Amino acid sequence: MHIYISEEVIGKSHVVALETAVLTHGLPYPKNVEAVVKMEKAVRESGAIPATIGIVNGIIKIGLTLDEIEMLGTVDGRQKVSIRDIPLAVYGKWNAGTTVSATMWIAHKAGIEVFATGGIGGVHRHVEKTWDISADMYALATIPIMVVSSGAKSILDLPKTLEYLETLGVPVLGYQTNVFPAFYTGKTLLQLRHRFETPNQVAAYWRVHKGVNLDKGVLLANPIPEDKAIPQSEMENIMESVLDEMEQKGVTGKDVTPFLLSRIADILGEKVVEANIALLVNNARVAGAIARFL
Ligand code: PSU
Ligand code: MN
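Analysis parameters
- Residues numbered from 1 in each chain as written.
- Chains lettered and ligands numbered in written order.
- Predicted model: local features only at pLDDT ≥ 70, side-chain atom pairs only at ≥ 80, totals over all residues.
- Heavy atoms only, no water.
- Helix = DSSP H or I, 4+ residues; strand = E, 2+ residues; numbered from the N terminus.
- Rg over C-alpha atoms; globule rule 2.2 N^0.38 Å.
- Buried < 20%, exposed > 50% of the residue type's maximum accessible area, 1.4 Å probe, protein only.
- Contact = heavy atoms within 4.5 Å.
- Areas by Shrake-Rupley, 256 points an atom, 1.4 Å probe, with all protein chains shown as cover.
- Lys, Arg positive; Asp, Glu negative; His and termini not counted.
- Charge placed at Lys NZ, Arg CZ, Asp CG, Glu CD.
- Pairing = 2+ DSSP bridges.
- Axes fitted to C-alpha atoms, helices over the stretch in contact; angles between N-to-C directions.
- Parallel < 35°, antiparallel > 145°, perpendicular 65-115°, else oblique.
- Left-handed = near helix turned anticlockwise from the far one by under 90°.
- Nonpolar A, V, L, I, M, F, W, Y, C, P; charged D, E, K, R; others polar.
- 1 Å grid on protein atoms, 1.4 Å probe; cavity = no way out; pocket = protein on both sides within 12 Å on 5 of 7 lines; lining within 4 Å.
- Points joined across faces, edges and corners; volume = space filled by probe spheres on them.

1. Quick notes on the overall build of the protein chain
If you tally the helices and strands in the protein chain, you get 12 helices and 11 strands. Relative to its length of 294 residues, the protein chain is compact, with a C-alpha radius of gyration of 17 Å against a globular reference of 19 Å. C-alpha extents for the protein chain along the principal axes are approximately 50 × 45 × 35 Å. The buried share among the 294 residues of the protein chain stands at 57%. Long-range pairs, those at least 24 residues apart, make up 74% of the contacts in the protein chain between residues at least 6 apart in sequence. Entry remark: accessible area of the protein chain is about 12,700 Å², with carbon and sulfur atoms responsible for 54%. Computing the positive centroid from 28 side-chain charges and the negative centroid from 32, the protein chain places the two 4 Å apart.

2. Concerning the pairing of strand β9 (residues 172-175)
On β9, burial covers both faces: Val 172 and Gly 174 on one face and Leu 173 and Tyr 175 on the other are all buried. Pairing analysis gives 3 bridges linking β9 to strand β11 (residues 218-221), with the strands arranged parallel. Residue pairing for β11: Leu 173 is matched across the bridge by Leu 220. Two strands pair when backbone bridges link them, and β9 and strand β10 (residues 195-196) are joined in this way by 2 bridges, in the parallel orientation.

3. Side note on the packing of helix α2 (residues 31-45) against helix α12 (residues 270-291)
One can describe the packing of α2 onto α12 by two numbers: an axis separation of 8 Å at closest approach and a directional angle of 25°. When the axis of α2 is compared with that of α12, the two are roughly parallel. Our pair here, α2 against α12, has a crossing hand that is right-handed. Contacts from Lys 31, Glu 34, Ala 35, Lys 38, Met 39, Ala 42 and Val 43 of α2 reach α12 at Glu 270, Val 273, Glu 274, Ile 277, Leu 280, Val 281, Ala 284, Arg 285 and Gly 288. Residues belonging to the contact of α2 with α12 are distributed by class as follows: 9 nonpolar, 1 polar and 6 charged.

4. A closer look at the layout of surface pockets
The volume enclosed by the largest pocket comes to roughly 600 Å³. Lining the largest pocket are 34 residues, and of these Lys 80, Thr 99, Ser 134, Lys 254 and Thr 257 lie nearest its centre. Among the residues making up the lining of the largest pocket, the classes are represented as 12 nonpolar, 14 polar and 8 charged. Put simply, the second largest pocket is a space of about 350 Å³. Surrounding the second largest pocket, 14 residues form its lining, Leu 162, Glu 166, Val 172, Leu 192 and Arg 193 being those nearest its centre. At the level of elements, α8 (158-168) and β9 are the ones that each hand at least two residues to the lining of the second largest pocket. Broken down by element, the residue count for the lining of the second largest pocket peaks at 5 residues, all from α8. Looking at the lining of the second largest pocket residue by residue, the classes come out as 9 nonpolar, 2 polar and 3 charged.

Below, the structure written as structure tokens:
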């Protein structure tokens, strides 16, 4: 299958992949475009090359242009593509943003080793009823890429998400933190066993990780900058009502995550979008600093 790779990215080693489900389904326009542009800038400022990945008219692209980013952020009928949807998107000539699972798969095909996102998908709350577990878990278990994220989204069941990552054999490392961050908030009671302090240390770990050939990803958990964080209690106050609303409306499958994120932003307001952008940019910055050592 053909994957288009931009001139700037081709043949380079210090590249950071960026996803676009956050562009098509994670944030409202124009904040979505602003977020991607700021992430690319942060990667560059760290001394690496950003490779924003998405699907344009059925063509898988690594290194989108600004026009393509603007188009994907606005076009009617834009799709959210997870790993299983990639061939459907090519077949149907979709314009689509790629989730963590799809972006990891595409990035790996091009030899990219570092990837920045906001928060990965994971095991959902009420999983015993819904069986909703993100394909991001499966991708981390099968694709050797270093994923820099602010933990997993607070809409998820975080203890179960961590247990499942252990089951799947995916190492979870803290970046300057002893606890697993929860997306909008950096502080939780979920202890991590491994803490790294510098990009250089993480890069050194990554070289060993690759050498061992587990063929699994790594989750590097990087907390949101403290001044932008939203207290977990504020999130928990609204979670049950938002989940009830979702059940009443019959939202399922890949619509779940976009629905929950947008309802939380509706209820808690602008600061949620600002927090989301802040953590995305912070993850891009750290990912760039790690990629520079590769
Ligand atoms: N991080 C964000 N906003 C997002 C996402 C991550 O800050 O919208 C996206 C990612 O692309 C992730 C997806 O892979 O949500 C998870 O969707 P699902 O739960 O349907 O697997
Ligand atoms: Mn799901």
